[in-house]
Amino acid sequence: MWIGVVTIFPELFGEFLQTSLIGRARQSGKLEVEVRDLRDFTDDPHRVVDDEPYGGGGGMVMTAPPWLRAVRELSAGRSPSLRRVLLSPQGRRLDDAKVQELAAQPELLLLCGRYEGIDERVQQLVVDEEVSIGDYVLSGGELPAMVLIEAVSRCVPGVVQQASSVERDSFRTGLLDHPHYTRPAVVEGLPVPPVLLSGDHAAIERWRQQEALRATAEKRPDLLAAAQTCKSQDGTR
Ligand code: 4FV
């Protein structure tokens, strides 16, 4: 999978791309991430990328020409199915279904805005979709881009050693994850649930299912409702 990123702070991706899962995925060639500085696509001597908003009001807006040049130059030679994604609060909320959909694309180009945002005509001319990581405003699209890269990378075959653990991930099953325990067996008087020490794998699987359901009902009842709706829609009930 190839992921291009356009940002005015390419240095923010440094350690993130060298470390752990993403670092290994890039080393193994399963993932290629190309981070480009938007300022390299300006043609003015001061490499300016922002200007005052038409209509007044505070803050600055990112001007369109560098973005149009950047997206078109980075799209050249890429497959027609290249998905150009602008990270913004106006976007569709990122969830597991969207992660899986984006992970199925061979190539993604991520646009990271700053300031008050990017001139709207960029979205109209060279953006396929907007994605938001949540209903709050950040100072830039870089962290959302890293969230998306990490989530999508876990879906790339072979990136997560234990593929089964991805399949069992929260949300993939429509439920939250079951509780996890490891040594020591007693923590400040709190024991491990005995079934987990029983060696009875069928009983352990049943317990984990029950605990996943309980955690979901307790912490995210909306997920249960969604699971019910899906069930009724796909006629399995
Ligand atoms: C954001 C989000 C986000 C808005 C103005 C960058 C900032 C600044 N992106 N999900 N929430 N972006 O807050 O994706 O340009």
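The text that follows walks through the structure, step by step, so that each part is easy to find. (Residues numbered from 1 in each chain as written. Predicted model: local features only at pLDDT ≥ 70, side-chain atom pairs only at ≥ 80, totals over all residues. Heavy atoms only, no water.)

**Regarding the nonpolar core**
For soluble globular proteins, the rule of thumb is that nonpolar side chains tend to be buried together. Grouped together as the largest cluster of nonpolar side chains are 30 residues, with contacts concentrated most on Ile3, Phe13, Leu110, Leu148 and Ile149. Looking at this core, the elements with two or more residues in it are strand E1 (2-7), helix H1 (14-18), helix H2 (20-27), strand E5 (83-93), helix H4 (96-103), strand E6 (107-112) and helix H6 (142-153). The contact partners of Leu148, leaving out residues within four places of it in the chain, are Val85, Leu87, Leu94, Leu102, Leu108, Leu110 and Val131. (Core = buried A, V, L, I, M, F, W, Y, C linked by side-chain atoms within 4.5 Å. Buried < 20%, exposed > 50% of the residue type's maximum accessible area, 1.4 Å probe, protein only. Helix = DSSP H or I, 4+ residues; strand = E, 2+ residues; numbered from the N terminus. Contact = heavy atoms within 4.5 Å.)

**What to know about the packing of aromatic side chains**
This structure, assessed with the given rule, holds 1 aromatic pair. Geometrically, the ring pair formed by Tyr181 and Trp207 is tilted, given 6.4 Å between the ring centres and 55° between the ring planes. Of this pair, Tyr181 sits in the loop between helix H7 (163-167) and strand E8 (186-187) while Trp207 sits in helix H8 (residues 201-219), and the two are 26 residues apart along the sequence. The ring of Trp2 carries the charged tip of Arg78 above its face, separated from the ring centre by 3.7 Å. (Phe/Tyr/Trp six-rings, centres within 6.5 Å; stacked < 30°, edge-to-face > 60°. Lys NZ or Arg CZ within 6 Å of the ring centre and 35° of its normal.)

**Quick look at unusual backbone geometry**
Of note, the bond from Arg183 into Pro184 is cis; its omega dihedral lies within 30 degrees of zero at 0°. By the element assignment, Pro184 lies in the loop between H7 and E8. Unusually for a residue other than glycine, Arg47 sits at a positive phi of about 50°. One can find Arg47 in the loop between strand E2 (32-37) and strand E3 (50-51).

**A look at the environment of Gly113**
Within the fold, Gly113 resides in the loop between E6 and helix H5 (120-126). Here the alpha-carbon distance between Gly113 and Glu142, two residues 29 residues apart in the chain, equals 7.7 Å. Contacts of Gly113, omitting those with residues within four sequence positions, involve Met62, Ile118, Ser139, Gly140, Gly141 and Glu142.

**Here's the deal with the pairing of E5**
Where E5 meets E6, 5 bridges bridge the pair, whose relative direction is parallel. When the bridges of E6 are listed, Arg84 appears paired with Leu109. Running through H4, the crossover from E5 to the neighbouring parallel element E6 is right-handed. Note: E5 against strand E7 (residues 129-132), 5 bridges, orientation parallel. Along E7, the bridge assignment pairs Arg93 with Ser132. (Pairing = 2+ DSSP bridges. Right-handed = clockwise from strand over helix to strand, strands pointing away.)

**Brief notes about the sheet that holds E1**
Taken together, the 5 strands give an open sheet; going across it, the order is E2-E1-E6-E5-E7, and neighbouring strands pair in parallel fashion. What marks the edges here is a single partner per strand, and that holds for E2 and E7. The average undirected angle you get between the axes of adjacent strands in this sheet is 30°. Sheet strands touched by H4: E5, E6 and E7. Its angle to E5, the strand with the most contacts, is close to 170°. (Axes fitted to C-alpha atoms, helices over the stretch in contact; angles between N-to-C directions.)

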